[in-house]
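# Fold and geometry: a report
So you can see what is in the structure, the chains are spelled out below.
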Amino acid sequence: MSAVRYDALVIGAGFSGLYMLHRLRELGLSVIAVEAGENVGGTWLFNRYPGARCDIESIEYSYSFSEEIQQEWVWTETMPAQPEIEAYLNFVADKLDLRRDIRLNTRVTAMAFDADEACWHLDTDTGARFTASHVVAASGILSVPLEPDVPGMDSFDGASLFTACWPKAGFDLAGKRVGVIGTGSTGVQLIPVVAREAGQLTVFQRSAAYTLPWDVRPLPAAELDDLKAAYPAIRAAQREHPVGAARLSAFSLLLDMLARPPIKSATREEQLRAIDEHGVMGALNWGDVFFDIEANRMAAKLYGEAIARIVKDPVTAAALVPTHPFGCKRPIIDQGYYETFNRDNVTLVDLRSGPIRAVTPTGISTEQGDHDLDVIIYATGFDAMTGALSRIDITGRDGASLRQVWQDEGPTSYLGLAVAGFPNLFIVQAPGSPSAATNFVAALEQHVEWIGDCIAHLRDQGHRTIEASPEAQREWIEHTTSLVEPTVLAHPSCNSWYNGANVPGKKRRYMAYTAGIPEYRRRCDEIAATGYPGFELA
Ligand code: NA7
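Described in the following lines is the structure provided in the data block. Predicted model, so just to flag it, every value in this text is computed and none were measured. (Residues numbered from 1 in each chain as written. Predicted model: local features only at pLDDT ≥ 70, side-chain atom pairs only at ≥ 80, totals over all residues. Heavy atoms only, no water.)

The next point concerns the sheet that holds strand E8 (residues 177–181). Taken in spatial order, the five strands line up as E7-E16-E8-E9-E12 in an open sheet, and their pairing is parallel. The sheet terminates laterally at strand E7 (159–162) and strand E12 (346–350), the two strands that pair on one side only. Neighbour-to-neighbour, the strand axes of the sheet open up by a mean angle of 20°, direction not taken into account. Sheet strands touched by helix H5 (residues 185–197): E8, strand E9 (200–205), E12 and strand E16 (375–378). Its angle to E9, the strand with the most contacts, is close to 160°. (Pairing = 2+ DSSP bridges. Helix = DSSP H or I, 4+ residues; strand = E, 2+ residues; numbered from the N terminus. Axes fitted to C-alpha atoms, helices over the stretch in contact; angles between N-to-C directions. Contact = heavy atoms within 4.5 Å.)

Written as structure tokens, this is what we have:
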């Protein structure tokens, strides 16, 4: 098939891709979006597992660019569940008439930069080929599930379910013996729901989670109307807030902690009062936990005491206490996680006392014993931030491979937007952008708008290419890395998808920009206003 040439091609039709497509179209460019899924929605299409929910309030985890959209759409809960976000993104796609420019069920497999023609040639798994002057990768930061490295998975006679590609029709767990592997955000959301449905639930935990109970409640129509009327102020506050979410969220809670007194100078009475009054949340809510590993360990110990007040079985309660520093994995919020372990039909297997040996035809065999199961649910995480683009053969200038660059140099970029050697390729939420350290939607809106303005500038000025310089890239990564150095995020025991430690062989580097969206926006705007220093425009 011959290639059609566009001004821009967007990879992905999730939250970022939909807005990018709209923005570029508004600028009068010919643009197409290519999406591997059967519909729009991205992450919120695939992660349909029971209990899937956003941890930021719906009125902030939503597009702010369209007054019409934010006034028309009706959120029914304070923090939206997956079906509602999926429906919202479909509503947006229809409202903005985006579908006519989206090719669904089409996965980009390879793309190569043509320096003579100043464009990218893209191949897809359907055989359709595209050519575009600019490519914007909106392929998601948590869109590639990590293949669990458990031997024998294929030998299991029961049903194997993966949270990141949950069956569309659902799966009846009633009366079944279910095992869940993974206790990150996904596992913690899933486990209480599965416990209510399944006959028997066995949770296989390799690392215990820090998780804070959260009250998710319906949003009555009158309250939503008031919120909609207050949208100008809500959006303005969000824009000024470091994490892009000014209302209460797990993120804002972490920021608020920085202003709290240190645990190291708190008396035992003060510590106990904190958990008397605020439970597990009170255990962690101290100003020094982010910067002082000893303080962090003290908080973890207190956290364990708070768990022991909820979980009746002392062995289970002790096994639920995390051993990694608080803060180095994403803060989790939950609905009744610890209480779930008081149910008669729930068993915790602490893999720290003996790991999984293999999946067998009848269940899971660990060094502590064998567990017969009908269903195994894998909630084992993602190859985050770099995973999606590393799975496309991306060949930049002079044959450079993006996969190889990230493998050799680690997850690098300039401004979390572009990579040296890959002209005319913009990445929404690349490593080095605020992305996962903030409200993703607030962060992506800034990216999309900056990229749109940049492409319009190139067009208006007659520039054919834009490319990040290696020096600017190096300085940017040094800057982003220096921001986390004084914190527990840089501690060697801090292993998470944020620094690639969950993927064997991935070069370790904390991948999010932590100085907040307003500071990031200021820097990006300054760069745009001063002729794009750090980029070469030709
Ligand atoms: P996470 O947070 O990476 O959690 C994955 C979990 O799976 C974590 O508990 C892992 O333990 C566990 N895991 C992974 N492989 C194994 C094997 N082989 N055996 C046992 N346990 C295993 O991913 P989530 O999907 O929960 O959350 C990702 C993000 O999505 C989240 O931060 C939100 O932003 C939304 P480990 O910690 O590696 O010991």
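Still to come is the rest of the account.
All right, on to unusual backbone geometry then. Glycine aside, negative phi is the norm for most residues, and most peptide bonds take the trans geometry. Backbone geometry at Ser435 places phi at a positive 20°, although glycine is not the residue there. Mapped onto the fold, Ser435 is located in the loop between strand E18 (425–427) and helix H15 (440–461). Backbone geometry places Tyr532, a non-glycine residue, at a positive phi of 60°. By secondary structure assignment, the location of Tyr532 is in the loop between helix H17 (517–529) and strand E20 (535–537).

A few words now on the nonpolar core. Counting residues in hydrophobic clusters, the biggest one holds 81 residues, and the most contacted among them are Phe15, Tyr63, Leu415, Trp450 and Phe535. Looking at this core, the element that brings in the most residues is H15, giving nine residues. Those residues within four positions of Trp450 in sequence are excluded, and the remaining contacts are Leu415, Leu417, Phe426, Cys524, Asp525, Ile527, Ala528, Tyr532 and Phe535. In this structure, Ala266, Ala283, Ala295 and Val346 belong to the second largest nonpolar core, which totals 60 residues. (Core = buried A, V, L, I, M, F, W, Y, C linked by side-chain atoms within 4.5 Å. Buried < 20%, exposed > 50% of the residue type's maximum accessible area, 1.4 Å probe, protein only.)

Turning our eyes to something else, we now look at the sheet that holds strand E14 (residues 363–366). One open sheet accounts for three strands, arranged E13-E14-E15; its pairing is antiparallel. With one partner strand each, in any of the chains shown, strand E13 (356–360) and strand E15 (369–372) form the two edges of the open sheet. Along the sheet, successive strands turn relative to each other by an average axial angle of 15°, direction set aside. The pairing of E13 with E14 spans four bridges and is classified as antiparallel. Bridge pairing links Thr360 to Gly363 in E14.

This next bit is on the pairing of E9. By the criterion of burial, E9 is predominantly enclosed, with five of the six residues buried. Where E8 lies against E9, five bridges are found, and the strand directions are parallel. Across the sheet, the residue bridging to Ile181 is Phe204, located in E9. A crossover connection joins E8 to the parallel E9 through H5; in handedness this β-α-β unit is right-handed. (Right-handed = clockwise from strand over helix to strand, strands pointing away.)

This paragraph deals with the pattern of salt bridges. Scanning the entire structure with this criterion turns up 28 salt bridges. With a shortest N-O distance of 2.7 Å, Asp94 and Arg99 are connected by a salt bridge. In this structure Asp94 comes out as partly exposed when scored by relative accessible area, which is 48%. A salt bridge links Asp97 to Arg100; its shortest N-O distance comes to 2.8 Å. Under the relative-accessibility criterion, Arg100 is labelled exposed at 51%. One continuous salt-bridge network, built from bridges that share partners, spans Arg25, Asp97, Arg100 and Asp101. (Salt bridge = Lys/Arg side-chain N within 4 Å of Asp/Glu carboxyl O.)

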